[in-house]
Amino acid sequence: SWPELSITPDKGYDTIVSGFRIDVKSTTVDGGRLLVRPEKRSGPADWFVLVPGSFPGPYTIRGFAHRDDVFTPQYLSDLGYGPTYVVPQDHLIPFDDWTAQAV
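No experiment lies behind these values; they were computed from the predicted model shown.

Caption draft 1: A look at the overall build of the chain. Of regular secondary structure, the chain possesses two helices and seven strands. Going residue by residue from the N terminus, the α and β elements of the chain occur as β-β-β-β-β-α-β-β-α. Taking all 103 residues of the chain together, 34% fall into the buried category. Taking as baseline every contact in the chain between residues at least 6 positions apart, the subset at least 24 positions apart corresponds to 51%. On the chain, roughly 6,400 Å² of surface is accessible, and the fraction owed to carbon and sulfur atoms is 56%.

Caption draft 2: Expanded view of unusual backbone geometry. Note that the residue after F55, namely P56, is joined by a cis bond; omega there is 10°. Among the secondary structure elements, P56 is positioned in the loop between strand 4 (47–52) and strand 5 (63–66). The linkage connecting G57 with the following residue, P58, adopts the cis geometry, with an omega of 5°. Within the secondary structure, P58 sits in the loop between strand 4 and strand 5. Of note, the phi angle at S18 is positive, near 50°, even though the residue is not glycine.

Caption draft 3: Main features of the nonpolar core. Among the nonpolar cores identified, the biggest contains 13 residues, and L34, V36, F48 and V70 are the most heavily contacted of them. Among the elements of the structure, strand 3 (34–36), strand 4 and strand 7 (83–87) are those that each provide at least two residues to this core. Beyond its immediate stretch of four places on either side in the chain, V70 contacts L34, V36, F48, A65, Y75, Y85 and V87. Of all hydrophobic cores here, the second largest spans seven residues; its members include I22, W47, F64 and W98.

Caption draft 4: Seen up close, the packing of aromatic side chains. Applying the stated criterion to the full structure yields four aromatic pairs. Geometrically, the ring pair formed by F64 and F95 is stacked, given 6.0 Å between the ring centres and 25° between the ring planes. One end of the pair, F64, is in strand 5; the other, F95, is in helix 2 (residues 95–102), with 31 residues separating them in the sequence. A relative accessible area of 4% means that F64 is categorised as buried. Consider the rings of F71 and Y85, whose centres lie 5.0 Å apart with planes at 85°: the pair is edge-to-face. In this pair, F71 is assigned in the loop between helix 1 (67–70) and strand 6 (76–78) and Y85 in strand 7, connecting sequence segments 14 residues apart. Considered together, F71 and Y85 belong to a single accessibility category, that of buried residues. An aromatic cluster of three or more residues is present, and its members are F48, F71 and Y85.

Criteria and cut-off values
- In every chain, residue numbers begin from 1 and rise along the written sequence.
- Only residues with pLDDT of at least 70 get local features here, since the model is predicted, and only at 80 or more are side-chain atom pairs given and counted; chain-wide, interface and lining totals rely on the full set of residues.
- Based on all heavy atoms of the structure, the side-chain values leave hydrogens and waters out of the count.
- Only DSSP runs of H or I reaching four residues or more are called helices, and only runs of E reaching two or more are called strands; each is numbered from the N terminus.
- Accessible area is worked out with a 1.4 Å probe on protein chains only. A residue is then buried under 20% of its type maximum, exposed over 50%, and partly exposed in between.
- The contact definition used throughout considers only heavy atoms, calling two residues in contact when any of these lie within 4.5 Å.
- Exposure was quantified through the Shrake-Rupley algorithm and a 1.4 Å probe, taking into account, for residues, occlusion by the shown protein chains and nothing else.
- In this text, buried Ala, Val, Leu, Ile, Met, Phe, Trp, Tyr and Cys residues form a nonpolar core when linked through side-chain atoms within 4.5 Å.
- Two rings from Phe, Tyr or Trp (for Trp, the six-membered ring) form a pair when their centres sit within 6.5 Å of each other. Planes less than 30 degrees apart are called stacked, planes more than 60 degrees apart edge-to-face, and all others tilted.

Laid out in structure tokens, this is it:
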């Protein structure tokens, strides 16, 4: 199934794949972590994906985390800008594993 690539006002997620709403998080740090603000807890995204890189690329999908796994006390931290859920890359579901179970 192809992702939704239309441009619309912020819906709380970036694309839809196989009916799942996905919020893409990017970082310029290759070893960066998935950062999700607590306000996203009440948002519609089903999955969060970490994609490090910088323009013009390359960008690499590092992995996915389901919303139920992101919003847990073990990942809540303060990086100096207030509470944030911080998920290390090695705690993410690899792209190939995610596509096998979700798509």
